[in-house]
Amino acid sequence: NKKAFIFDLDGVIVDTAKYHFLAWQKIAKELNIDFTLEHNELLKGVSRVRSLDIILELGKVEASQEDKDKWLIQKNEDYLTYLVDMDESEILPGVFTILKFLKEKNQPIALGSASKNARPILEKTGILSYFNVVVDGNDVTNAKPDPEVFLIAAKLLNISAENAIVFEDSVAGVQAANIGKMTSVGIGEASILHEAKYIFKDFTEIDTDFIEELIRK
Ligand code: BG6
Ligand code: MG
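Conventions and cut-offs
- Residues numbered from 1 in each chain as written.
- Chains lettered and ligands numbered in written order.
- Predicted model: local features only at pLDDT ≥ 70, side-chain atom pairs only at ≥ 80, totals over all residues.
- Core = buried A, V, L, I, M, F, W, Y, C linked by C-beta atoms within 7 Å.
- Buried ≥ 20, exposed ≤ 12 C-beta atoms within 10 Å, placed from the backbone.
- Contact = placed C-beta atoms within 7 Å.
- Axes fitted to C-alpha atoms, helices over the stretch in contact; angles between N-to-C directions.
- Helix = DSSP H or I, 4+ residues; strand = E, 2+ residues; numbered from the N terminus.
- Parallel < 35°, antiparallel > 145°, perpendicular 65-115°, else oblique.
- Left-handed = near helix turned anticlockwise from the far one by under 90°.
- Nonpolar A, V, L, I, M, F, W, Y, C, P; charged D, E, K, R; others polar.
- Near = placed C-beta within 6 Å.
- Pairing = 2+ DSSP bridges.

A. The nonpolar core, seen in detail. Formed by 57 residues in total, the largest nonpolar core has its most connected members in I6, F150, A164 and V166. Contact partners of F150, with chain neighbours within four places excluded, come to I6, G112, A164, V166, A176, A177, G180 and M182.

B. Quick peek at the packing of helix α3 (residues 48-58) against helix α4 (residues 65-83). At their nearest, the axes of α3 and α4 sit 10 Å apart, and the two run at 115° to each other. It follows that α3 is roughly perpendicular to α4 by the angle criterion. The way α3 lies across α4 gives a crossing that is right-handed. Every residue of α4 that contacts α3 at R48, V49 and L52 is listed here: K68, W71, L72 and N76. Broken down by class, the residue content of the contact of α3 with α4 amounts to 4 nonpolar, 1 polar and 2 charged.

C. Just the packing of helix α1 (residues 17-30) against α4, in detail. In the contact formed by α1 and α4, the axes pass within 9 Å of each other and the chain directions differ by 140°. With respect to α4, the axis of α1 lies oblique. Here the hand of the crossing between α1 and α4 comes out right-handed. Contacts from Y19, H20, A23, W24, K26 and I27 of α1 reach α4 at W71, Q74, K75, D78, Y79 and Y82. Within the contact of α1 with α4, the residues separate by chemical class into 7 nonpolar, 2 polar and 3 charged.

D. Just the site of ligand 1, in detail. Surrounding ligand 1, one finds 19 residues, the nearest of these being D10, R48, A114, S115 and K116. Along the lines of polarity and charge, the residues of the shell around ligand 1 split into 4 nonpolar, 11 polar and 4 charged.

E. Expanded view of unusual backbone geometry. A cis amide bond links K144 with the next residue in sequence, P145, at an omega value of 15°. Position of P145 relative to the elements: it lies in the loop between β3 (133-135) and α7 (148-156). Even without glycine at this site, K60 takes up a positive phi of about 50°. Following the sequence through the fold, K60 ends up in the loop between α3 and α4.

F. Geometry of the sheet that holds strand β6 (residues 198-200). The 6 strands lie next to each other as β3-β2-β1-β4-β5-β6, forming an open sheet whose pairing is parallel. The strands lining the two open edges of the sheet, one partner per strand, are β3 and β6. Recorded for the sheet is a direction-independent mean angle of 20° between the axes of neighbouring strands. With 4 bridges connecting them, strand β1 (residues 4-7) and strand β4 (residues 164-168) associate as parallel partners. Its bridge partner lying in β4, F7 is registered against F167.

If you want it as structure tokens, here you go:
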């Protein structure tokens with residue numbers, strides 16, 4: 001059966017998860033909300049709007065829509081300042097090897113990200129051309145763990161969900177892949193991503209034999 005390989009962006013392809021964290025932390029500080037790296041795991045893979053709601057819930061802060069809109073803009077403006085000088089060097093170790101291997105093997109590749117900043121990031125880092133389709137935060141209505149973003153990607157590639165393989169660094173994203181009946185590959189800590197079918201610390205730990213095995217299955 002033909003397969004499709006779907007990549008999350010932030011924290012999988014590029015090291016932007018740290019920038020999202022720093023930008024949210026600034027907002028949390030302003031609101032006097034204790035926001036740790038552990039809390040941040042709840043935000044990974046989650047949409048911008050939902051992320052703010054989670055932070056406000058953590059601090060038991062009630063806010064008007066007007067304030068929320070202001071903080072959402074503030075967060076994104078701050079986040080974008082980290083991306084200004086972004087280039088190929090921000091691609092996480094091992095990612096290129098796997099992308100190139102998939103291309104060599106003529107495998108369809110998709111991006112499945114919650115971010116509305118996905119395209120400029122792919123352009124700045126020079127890897128947009130690897131992706132047959134890009135599905136991002138501008139294309140979906142339901143945030144991960146809803147599988148919508150991955151289902152759209154598989155559909156655009158004409159591959160059934162069961163034949164899609166998803167690389168994810170977030171709990172919400174792993175859950176989305178599982179709910180969508182896709183093969184989930186967690187990139188990160190096993191203690192956090194234990195719901196994933198396979199888990200690797202990063203892409204340097206994934207060898208091409210493993211990818212080949214996924215292609216053949
Ligand atoms: C996800 C990130 O990829 O995109 C989240 O893991 C982020 O941290 C979400 O909140 C939305 O991204 P953006 O760039 O549209 O704010
Ligand atoms: Mg991610």
